[in-house]
Amino acid sequence: MTRNKGYKRATKSRALNEDPVLAYGLYPEKKFHEKLIQERKRAERSNKPLLVMVVDGTATGLANMGEDGSLGEGLKRCVRKTDICGLLKEGSLIGVILTEVEQDKVELAQMVVAKKVFESLANTLNEELMCQVAITFRFFPVVGSASVFDMTFYPEFLVRDIRTKGGEIAKRALDVIGGLFGLVVFSPLFVVLPILIKLSSKGPVLFMQDRVGRNGKQFKLLKFRSMYLDNDDIIHREYVTKLIKGQVTPQQGVFKIQGDPRVTPIGRYLRKYSLDELPQFINVLKGDMSLVGPRPPISYEVENYLGWQRGRLMGKRPGITGLWQVTGRSSTSFDDMVRLDLRYLSGWSIILDIQILLRTPRAVFKAKGAY
């Protein structure tokens, strides 16, 4: 009887053109994901934390609605009316978006809410089922770590429909064809540049560096070495931190350091015309990168990102070139670079990739903002 009433409420809600809900007021998975995306964007804009409680009822078999005593019923009895409950993953996870949580009270909120939920569920479920319920919390934005990217807050990038898969196949095909073409066309430089690098300074020809790629996955980025061996990265660390925090004046607003003493004489020319990036065609063929995409950051850069800035790493592989490179390159501010990347991600199409590729040679030869 209780379950039937739940379905009647859901039917009535749809009839009134309201948000569809399942029994006990839970949003279905698709609608809950929409709510989660909306609240994440609100948190990014207001710079306030977002807390999500995840209730795992996989082992109980009650994660959707269950029988007379369901997880949904127990949750709705103990959360605030402003909190948003729904299916995070149909058949296994229920999510509760805890709104308006103060920054300095996040840990307290977790303890208080978890206690209320367990007490409420104890009145709904028997002891055996209670032991099979797991409650965890997700916090947004994650700060101070380049290795933690909680995709819970980015459900739009986990959906893989026919259109999404088709776009990924087309983009990957363009990457493979373009990567092979690039290696063939620039093959003479793969002979000449290593000789010049070895003659100008000691050390290996190739430089490998850990970078952060799509959805936070780390990979080894390949470049022709443009710096002296065994140099300290503290100069760049400090500069990048100031740049991301907006402590660099517009006149200094370049992503790379001008007159960097770590760069070799031949390295300055390699960087000016982006010749040091030619080995990244190998990264493209390996699937770590794409021909077009956001610039792949170093881990210590990401540690200083705000929540909205991490969005530039979501959904697509980083690229050799991108909208930022052909628009402003290193002569733009960091926030403007992020906005260009976000604009590219939101409006991506295979046509856009081709347009950026066609504009890249001109941007490279102009060498504007390249250091």
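Just so it is clear, the model here is predicted, and its values are computed rather than measured.

A.B. asks: Whenever I open this one, the pairing of strand 5 (residues 206-212) confuses me. Can you help?
C.D. replies: Side-chain direction in a regular strand flips from residue to residue, so the side chains alternate between the two faces of the sheet. Relative to strand 6 (residues 218-224), strand 5 runs antiparallel, the two being bridged by seven bridges. When the bridges of strand 6 are listed, Met208 appears paired with Leu222. Taking the residues that link successive antiparallel strands as the turn, the strand 5-strand 6 hairpin has five residues, and the phi of Asn215 there is positive, at about 55°.

A.B. asks: Looking at this structure, how should I read the side chain of Arg295?
C.D. replies: By secondary structure assignment, the location of Arg295 is in the loop between strand 7 (290-292) and helix 11 (299-302). Under the relative-accessibility criterion, Arg295 is labelled buried at 12%.

A.B. asks: Is there a simple way to think about a nonpolar patch on the surface in this case?
C.D. replies: A cluster of nonpolar side chains, contributed by Val191, Val192, Ile195, Leu196 and Leu199, occupies part of the molecular surface with about 470 Å² of accessible area. Here Val192 shows up in helix 7 (residues 189-200). Among the residues examined, Val192 registers a relative accessible area of 42% and is labelled partly exposed.

A.B. asks: How do you make sense of the pattern of salt bridges when you look at a structure like this?
C.D. replies: Oppositely charged side chains can pair when the atoms bearing their charge come close. The full count for this structure, using the stated rule, is 14 salt bridges. The closest approach of N and O atoms between Arg295 and Glu301, which form a salt bridge, is 3.0 Å. Taken as a pair, Arg295 and Glu301 share a single burial class, namely buried. Through salt bridges with shared partners, a single network forms among Arg40, Glu44 and Glu156.

A.B. asks: What should I look at first to understand helix 8 (residues 234-244) in this one?
C.D. replies: Considered for burial, the residues of helix 8 that qualify are His236, Tyr239, Val240, Leu243 and Ile244. Seen from one end, helix 8 has its buried residues packed into an arc of 125°, which puts them on one side. On its buried face, helix 8 is in contact with helix 11, helix 12 (307-310) and helix 14 (334-346). Immediately downstream of helix 8, the backbone of Gly246 shows phi near 75°, a positive value.

Scoring rules and cut-offs
Residues numbered from 1 in each chain as written. Predicted model: local features only at pLDDT ≥ 70, side-chain atom pairs only at ≥ 80, totals over all residues. Heavy atoms only, no water. Pairing = 2+ DSSP bridges. Helix = DSSP H or I, 4+ residues; strand = E, 2+ residues; numbered from the N terminus. Buried < 20%, exposed > 50% of the residue type's maximum accessible area, 1.4 Å probe, protein only. Patch = residues over 30% accessible without salt bridge, like charges linked within 9 Å, V, L, I, M, F, W, Y side chains within 5 Å. Areas by Shrake-Rupley, 256 points an atom, 1.4 Å probe, with all protein chains shown as cover. Salt bridge = Lys/Arg side-chain N within 4 Å of Asp/Glu carboxyl O. Arc of directions from axis to C-beta. Contact = heavy atoms within 4.5 Å.

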